[in-house]
Amino acid sequence: MRADAQNTVEKIEKSLDLLAQRLDVETASFRLEEFNARVEDPNLWDDPAAAQKLMRDRQMLVDALATYEGIKQDLTDNIELIELGEMEDDEEVVSDAEAALKTLEANAAKKELEALLDGEADGNDTFLEVNAGAGGTESCDWASMLARMYVRWAEKKGYKVELQAESAGEEAGIKSAVYKITGQNAYGWLKSESGVHRLVRISPFDSAAKRHTSFTSVWVYPVVDDNIDIEVNPADIRIDTYRSSGAGGQHVNTTDSAVRITHNPTGIVVTSSEKSQHQNRDIAMKALKSRLYQMELDRRNAAINEAHENKGDAGWGNQIRSYVLQPYQMVKDLRTNYETSDTKGVLDGDLDGLMGATLALDVSGKSRAEAQSS
């Protein structure tokens, strides 16, 4: 086997080793048998929430097993093809198998990263909050661009995206927006996006066509699982209702249905502006509990949540990533030094490379300073 192919095989084997460790492959089949036995219990759906969690956990195990076994089998098949091609001096067979190994290496590396999403809340759905920072209209427009970027990313992942609340900018864009993103590992992937994002471009709002710098902050926090009990003292919160903005016309909202909840001990403020005030109270309370839970996660695992701790104000000195559109094209993450010149692709939601690099950094245990100096 040629040296390049052997190197590719070794990388795939390392990914398989990590997948096997995370899956605990020696006990996986026994755990699946246990899941199957519980699924057949006629009383399973007496508790729908517990049943749904059981079915979700079982499917995650089934998918993880299928991924591991599939990569392992593909590796074996392609090694055998290379050996066969070399014995028969068939260069086409060898080349095709080597190309297949390269594709398999990329897939194995992706699955390896996904396997690292084993934090307490990584598998949960998530809230994503975007807030315009320093820069006025420029930052409001930038906030809108970032919101679109994350919606595109989530849709490509097959996730469900629901707009929970939005405040429009005075001239363009948005002042803030909150989304609920539903899908497997939504929080695990998106948690690395918390922080300040800096944009450098020729302003479309400047008649002199000068270069402007804008800032927008992003905050990601997990949707609290039903099995996680977060107590909120009614005496600690203030609930305000107000008239939510609409498009106007005969369907304009004329009732005070939007809800704002303020948690006095922490200063956390959450809002929801759906049509029903009852629905808004429920959504806002869930969002508050999620924020409080996120604070607890931050306290327990400061290293993993470094981006949250260092987020600071949306302005100079606090950014985690720069998006430069002028005088050159470059997106660079300041924590990992990962960079790409495909700014259009990134703004259209191609974020897996950036997210994956940060996830790998978090797992390696390096500090932000160490990453920047490496």
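Keep in mind that this is a model prediction, so the values were computed, not measured.

**What to know about the pairing of strand S3 (residues 174-182)**
Here strand S1 (residues 126-132) pairs with S3 via six bridges, running antiparallel. Note on S3: the bridge partner recorded for Val130 is Ala177. Across eight bridges, strand S2 (residues 160-168) lies against S3 in antiparallel orientation. If you follow Leu163 over to S3, its bridge partner there is Tyr179. Here S2 hands over to S3 after five residues, with Gly173 in that stretch at a positive phi of 65°.

**Observations concerning the packing of aromatic side chains**
Applying the stated criterion across every chain yields a total of four aromatic pairs. Ring geometry for Phe127 against Tyr221: centres 5.5 Å apart, planes inclined by 35°, an arrangement best described as tilted. A residue pair is termed long-range when its members are at least 10 positions apart, and Phe127 in strand S1 and Tyr221 in strand S5 (residues 211-222) qualify at 94 residues. Assigned by exposure class, Phe127 and Tyr221 land together as buried. An angle of 70° between the planes, with centres 4.9 Å apart, marks the rings of Trp142 and Tyr323 as edge-to-face.

**Section: helix H5 (residues 137-156)**
Taking 1.5 Å per residue, 20 residues should reach 28 Å; H5 reaches 29 Å between its end C-alpha atoms and fits that length. Positive backbone phi, approximately 85°, marks Gly158, located one or two places after H5.

**Considerations on helix H3 (residues 48-87)**
With 40 residues, H3 should cover 58 Å at 1.5 Å per step; its first-to-last C-alpha distance of 58 Å lies within 8% of that length. Taken as a whole, H3 has its buried residues at Ala51, Leu54, Leu61, Leu65, Tyr68, Ile71, Leu75, Asn78, Ile79, Ile82 and Gly85. In this structure, the buried residues of H3 make contact with helix H1 (3-23), helix H2 (25-39) and helix H4 (91-115). Looking one or two residues past H3, Asp89 carries a phi angle of roughly 55°, positive in sign.

**Here we look at the confidence of the model for the protein chain**
Interpretation of this model should avoid reading the predicted coordinates in detail wherever pLDDT is low. Looking at the protein chain, the pLDDT average stands at 83 and 85% of residues meet or exceed 70. Within the protein chain, helix H9 (residues 343-347) carries the highest mean pLDDT (97), whereas helix H8 (residues 306-309) carries the lowest (41). Within the model, the stretch residues 246-254 combines pLDDT values under 50 with three contacts to residues more than four positions away or in other chains. Every residue in residues 303-312 is under pLDDT 50, and counting partners more than four places away or in other chains gives 30 contacts.

**Some points on the sheet that holds strand S7 (residues 258-263)**
What holds strands together in a sheet is hydrogen bonding between their backbones, with the strands either parallel or antiparallel. An order of S6-S7-S8 is seen for the three strands of this open sheet, with the pairing classed as antiparallel. For this open sheet the edge positions go to strand S6 (237-242) and strand S8 (268-272), each flanked by a neighbour on one side alone. On average, each strand axis in the sheet is inclined to that of its neighbour by 15°, with strand direction left out of account. For S7 and S8, the ladder comprises five bridges, and the chain directions are antiparallel. Pairing of His263 across the sheet is with Ile268, part of S8.

**Observations concerning the side chain of Asp122**
Looking at the secondary structure, you find Asp122 in the loop between H4 and S1. The contact partners of Asp122, leaving out residues within four places of it in the chain, are Leu116, Leu117, Asn185, Ala186, Tyr187, Gly188 and Lys191.

**Topic: the nonpolar core**
One finds Leu128 and Tyr323 to be the most contacted residues of the largest nonpolar core, which totals 80 residues. Beyond its immediate chain neighbours, meaning those up to four positions away, Leu128 contacts Tyr150, Ala177, Val178, Tyr179, Ile181, Leu190, Val218, Trp219 and Val220.

**Quick look at the environment of Leu16**
Along the chain, the position of Leu16 falls in helix H1. For the pair formed by Leu16 and Thr67, sequence separation is 51 residues and the distance between their alpha carbons is 9.8 Å. What Leu16 contacts, discounting residues up to four positions off in sequence, is Tyr68, Ile71, Lys72 and Leu75.

**Looking at the sheet that holds strand S4 (residues 195-202)**
Strand order in the open sheet made by the eight strands is S2-S3-S1-S5-S4-S9-S10-S11, with mixed pairing throughout. The open sheet has two edge strands, S2 and strand S11 (339-340), and neither has a second partner. As paired strands, strand S10 (residues 330-333) and S11 are joined by two bridges and run antiparallel to one another. If you follow Lys332 over to S11, its bridge partner there is Glu339. Taken strand by strand, H5 contacts S1, S2, S3, S4, S5 and strand S9 (319-324), and its axis lies near 45° from that of S5.

**So, the packing of H3 against H4**
The description of two packed helices rests on the angle between their axes and on the distance between the axes. Where H3 contacts H4, the two axes come as close as 9 Å, and the packing angle between them is 160°. It follows that H3 is roughly antiparallel to H4 by the angle criterion. Here the hand of the crossing between H3 and H4 comes out left-handed. Across the interface between the two elements, Thr67, Ile71, Asp74, Leu75, Asn78, Leu81, Ile82, Gly85 and Glu86 from H3 touch Val93, Val94, Ala97, Glu98, Ala100, Leu101, Leu104, Asn107, Ala108 and Lys111 from H4. For the contact of H3 with H4, a count of residues per class yields eleven nonpolar, four polar and four charged.

Rules used throughout
- Residues numbered from 1 in each chain as written.
- Predicted model: local features only at pLDDT ≥ 70, side-chain atom pairs only at ≥ 80, totals over all residues.
- Heavy atoms only, no water.
- Pairing = 2+ DSSP bridges.
- Helix = DSSP H or I, 4+ residues; strand = E, 2+ residues; numbered from the N terminus.
- Phe/Tyr/Trp six-rings, centres within 6.5 Å; stacked < 30°, edge-to-face > 60°.
- Buried < 20%, exposed > 50% of the residue type's maximum accessible area, 1.4 Å probe, protein only.
- Expected span 1.5 Å × (residues − 1).
- Contact = heavy atoms within 4.5 Å.
- pLDDT = per-residue confidence, 0-100.
- Axes fitted to C-alpha atoms, helices over the stretch in contact; angles between N-to-C directions.
- Core = buried A, V, L, I, M, F, W, Y, C linked by side-chain atoms within 4.5 Å.
- Parallel < 35°, antiparallel > 145°, perpendicular 65-115°, else oblique.
- Left-handed = near helix turned anticlockwise from the far one by under 90°.
- Nonpolar A, V, L, I, M, F, W, Y, C, P; charged D, E, K, R; others polar.

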